[in-house]
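# Secondary and tertiary structure notes
Listed below, chain by chain, are the residues.
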Amino acid sequence: MAEVRVENLSKAFGAEKIISGINFEVASGQLLSLLGPSGAGKTTLLKIIAGLVRPDTGEIYFDDVPVVKVPPEKRGAVLVFQDYLLFPHMTVEQNVAFGLTMAGVPRDKRSKIVAEMLDLVNMKGYEHKYPYELSGGQKQRVALARALAVKPRVLLLDEPFSNLDPRLRESMREFTRDLQRRMEMTTILVTHDWEEALMMSDRIAVLINGSIKQVGTPEEVYFRPASLEVAEFLGEKKNYVEGRVKDGVFSCPLGNFPAPQTADGDYTALIRPEHVKISQGGETSDWTIYDVRFAGGCVYYRVVRKDLTLVCAANNTEIYRQGDKVNVSVDFSKAMLFEKKKNFD
Amino acid sequence: MERRFVNLLLYVAIGGILFPIVVLMLWAFAREWPWPHLFPTGFSVRGWIHLFNPTTGALPVLLYSVMLSSLVAFITVTLSLPAARALAFYDFRGKRALEIFILSPMVIPTTAVAMGIHVNFIRIGLADTFWGVVICHLLPCIPYGIKILTGVFEALGDRIEQQARVLGAGRLKTYLYVTLPLISPGLITASIMAFVVSFSQYFLTFLIGGGRVMTFSMLLFPFIQGGDRHLSAVFSLAFIGTVLLWVFALEVLFRRWVKKGQYFYM
């Protein structure tokens, strides 16, 4: 279980820059998510850390020891690929034992560790099955066991849950996070799923267009995104309200709100749907429910006024119908102001 | 309608393969088969006696030939492996040109270059030798070996090797424990192809071997040319049978290795 530090990592394939100037740290035993849209260079970054791709510049430290020149088989960073890549010609047992066999661990010790690992991932009794006989979730657990069997210094997971169906995905996430905590395994998880990143990580590094835009705890990244780009990427539905700050007051069509320590200028306020509250209104209410999307645990509404549309996530205790008149209040203390203007489509 | 058409094609194809073999079989036991008889008019095993007779020496030639072609197949696969892997996994300057160069023996007839090879082989003392023949047989075999194995490597992808590497296997161990077992079906196919191409070589063997290196196809050729249908048929059947037996032996030999469920996809 090592502490990982990445310094100024860059890589280009030909003229195409994949990642540039990457810096982050993962404390020993923690899980860091690399979150970003597809094509952001997440997998390349992971392969660089594993030693499969040579970076153009920069250095990686495992416990303060530089490892860029160390070949992958000696580095101790085990990568679990998105599609698990179990060796199809080996049984589950042989797969899990692979790393140990390669390291020359004697047979009796090997089979003890394999049994232990299979027990850990609840795959006892599958020792002599071949990968093609396993379901997706089982393959994933075997892949995890195979990676953990070699006691890696760093575990690298590349979109590990994206090939599973939603229900299994949820339980595998819990299972993996649980296992990672229990073994105090330093882990870097690559994902494009912001919910997954929020739920699983100790810290999140947001990777967009080949560079890291923000590193922080899930709460930090969600509530205090460093830029509109980051905010855009976290959360599905958002409200954007344009306005102007003058003398510490943000004025927008929704009203005037205090914005202390904010320089004067044009701003876009980003308001998350859960910070828009609606309540039963009367004939004089300005807002009308435009559409309703019942999502079980919460209900999404779109509410309209003559000049504005807002998305709102409300609890399911009271359900409004399309066309209902409602009152809307916005919790502006949770809103985020970004100076950069953006075109919305 | 369509189904019927497909069936018809199938019958034609099967007939096209079976009919000549049936004719060969009949000829192999025919003393004479004059027109307009539908079947041979006399029975004979003259050719078979000739084939198995220890003094006429057809069987030793057959064994020698099998050994030579097996060696050619082995060398072809050994040389094709690294080339195919490089072509499948790496991008480099001039890759396309190299590919065309490697496959060129498929389109340029060996006859066209055999002369030059012969002259040079005489100069370095390889003409009229076993190894001279082996080396020049590689020429038409290697393109097939590389082409087949490149396809196999491409289907396999390089990520499974990367997976082995991060789990602690060095390059050599990765190759031995992961790559080779996984591409073994392709190895067998490439070996068979190379064996058949080498086993059927007549012209190259004749020119480079100078008649001193005697392969089975060189034995077969004069019979066909001389119009002895009975002997030609017997030797042709022996030819086909040898290839089939060789393929079968290879499959049996590697069956342990090529297990069920061993696919590139999972």
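Residues numbered from 1 in each chain as written. Chains lettered and ligands numbered in written order. Predicted model: local features only at pLDDT ≥ 70, side-chain atom pairs only at ≥ 80, totals over all residues. Heavy atoms only, no water.

As a further point, take the interface of chain A and chain B. Listed by partner, the interface residues are 29 residues for chain A and 23 residues for chain B. Three residues, Glu73, His89 and Met102 of chain A, lead the burial of chain A against chain B; their summed loss comes to 27% of the area buried on that side. The tally of links between chain A and chain B comes to two salt bridges. Asp83 of chain A is paired through a salt bridge with Arg159 of chain B; the nearest N and O atoms lie 2.6 Å apart. Inspection of the chain A/chain B interface yields seven residue pairs in polar contact (both at pLDDT 80 or more). At the level of secondary structure, the elements contributing two or more residues to the side of chain A that touches chain B comprise helix H1 (42-50), helix H2 (72-75), strand E6 (77-80), helix H3 (92-102) and helix H5 (136-149) of chain A. Top contributing element to the side of chain A that touches chain B by residue count: E6 of chain A, with four residues. (Contact = heavy atoms within 4.5 Å. Buried area = accessible area lost by both parts, 1.4 Å probe. Salt bridge = Lys/Arg side-chain N within 4 Å of Asp/Glu carboxyl O. Polar contact = N/O pair within 3.5 Å; in protein donor to acceptor, adjacent residues only side chain to side chain. Helix = DSSP H or I, 4+ residues; strand = E, 2+ residues; numbered from the N terminus.)

Residues and elements named next belong to chain A. Summarising burial for strand E7 (residues 154-158): five of the five residues are buried, a large majority. Here E7 shows a buried face lined by Val154, Leu156 and Asp158 and a second buried face lined by Leu155 and Leu157. Judged from the four bridges that link them, E6 and E7 form a sheet pairing that is parallel. Looking at the pairing, Ala77 lines up with Val154 of E7. Where E7 and strand E8 (residues 187-191) come together, four bridges link them in parallel fashion. (Buried < 20%, exposed > 50% of the residue type's maximum accessible area, 1.4 Å probe, protein only. Pairing = 2+ DSSP bridges.)

What follows concerns the pattern of salt bridges. Residues and elements named next belong to chain A. Using the criterion set out here, one finds 20 salt bridges over all chains in the structure. A salt bridge links Asp266 to Arg244; its shortest N-O distance comes to 3.0 Å. Of the two residues, Asp266 is situated in strand E14 (residues 265-271) and Arg244 in strand E11 (residues 239-246); the sequence distance between them amounts to 22 residues. With a relative accessible area of 33%, Asp266 lands in the partly exposed category. As a salt-bridge pair, Arg302 and Asp291 come within 3.1 Å of each other at their nearest N and O atoms. Here Arg302, found in strand E17 (residues 298-305), pairs with Asp291, found in strand E16 (residues 287-294); they are eleven residues apart in sequence, far enough to count as distant. Residue class for Arg302 comes out partly exposed when judged on its relative accessible area of 34%. A network of salt bridges, in which partner residues are shared, links Glu170, Arg173, Asp193 and Glu196.

It is worth spelling out the domain arrangement of chain B at this point. Residue and element names in this part refer to chain B. As assigned here, chain B comprises domain 1 (1-44) and domain 2 (57-257). Each partner contributes residues to the interface: domain 1 has seven residues there, and domain 2 has seven residues. Summing both partners gives a buried area of about 620 Å² for domain 1 against domain 2, and 79% of it is carried by carbon and sulfur. Contact with domain 2 buries area across many residues of domain 1, yet Leu24, Trp27 and Ala28 alone supply 73% of it, more than any other trio. The interface formed by domain 1 and domain 2 includes three residue pairs in polar contact (both at pLDDT 80 or more). When grouped by side-chain class, the residues that make up the side of domain 1 that touches domain 2 number six nonpolar, one polar and no charged. (Domains from an automatic or database assignment. Nonpolar A, V, L, I, M, F, W, Y, C, P; charged D, E, K, R; others polar.)

Residues and elements named next belong to chain B. The end-to-end C-alpha distance of helix H6 (residues 130-156) is 36 Å, a good match for the 39 Å that 27 residues give at a rise of 1.5 Å each. Approximately 45° is the largest bend angle found in H6, and it occurs at Pro140. With its phi angle positive at about 80°, Gly157 sits one or two positions after the end of H6. (Expected span 1.5 Å × (residues − 1). Bend = angle between axes of the 7 residues up to and from the residue.)

Residue and element names in this part refer to chain A. For chain A, the domain assignment lists domain 1 (4-233) and domain 2 (239-339). For domain 1 and domain 2, the distance between their C-alpha centroids amounts to 39 Å. Residue-level contacts link eight residues of domain 1 with seven residues of domain 2. A buried area of about 680 Å², summed over both sides, lies between domain 1 and domain 2, and 60% of it is on carbon and sulfur atoms. Among the residues domain 1 hides against domain 2, the three largest losses belong to Tyr222, Phe223 and Leu228. Together they make up 62% of the total.

Moving on, we come to the sheet that holds strand E9 (residues 203-208) of chain A. Residues and elements named next belong to chain A. Spatially, six strands are ordered E6-E7-E8-E3-E9-E10 in an open sheet, and the strand pairing comes out mixed. In the strand order of this sheet, the two ends are held by E6 and strand E10 (211-216), each with one partner. Ignoring which end each strand starts from, the neighbouring axes of this sheet average 20° apart. (Axes fitted to C-alpha atoms, helices over the stretch in contact; angles between N-to-C directions.)

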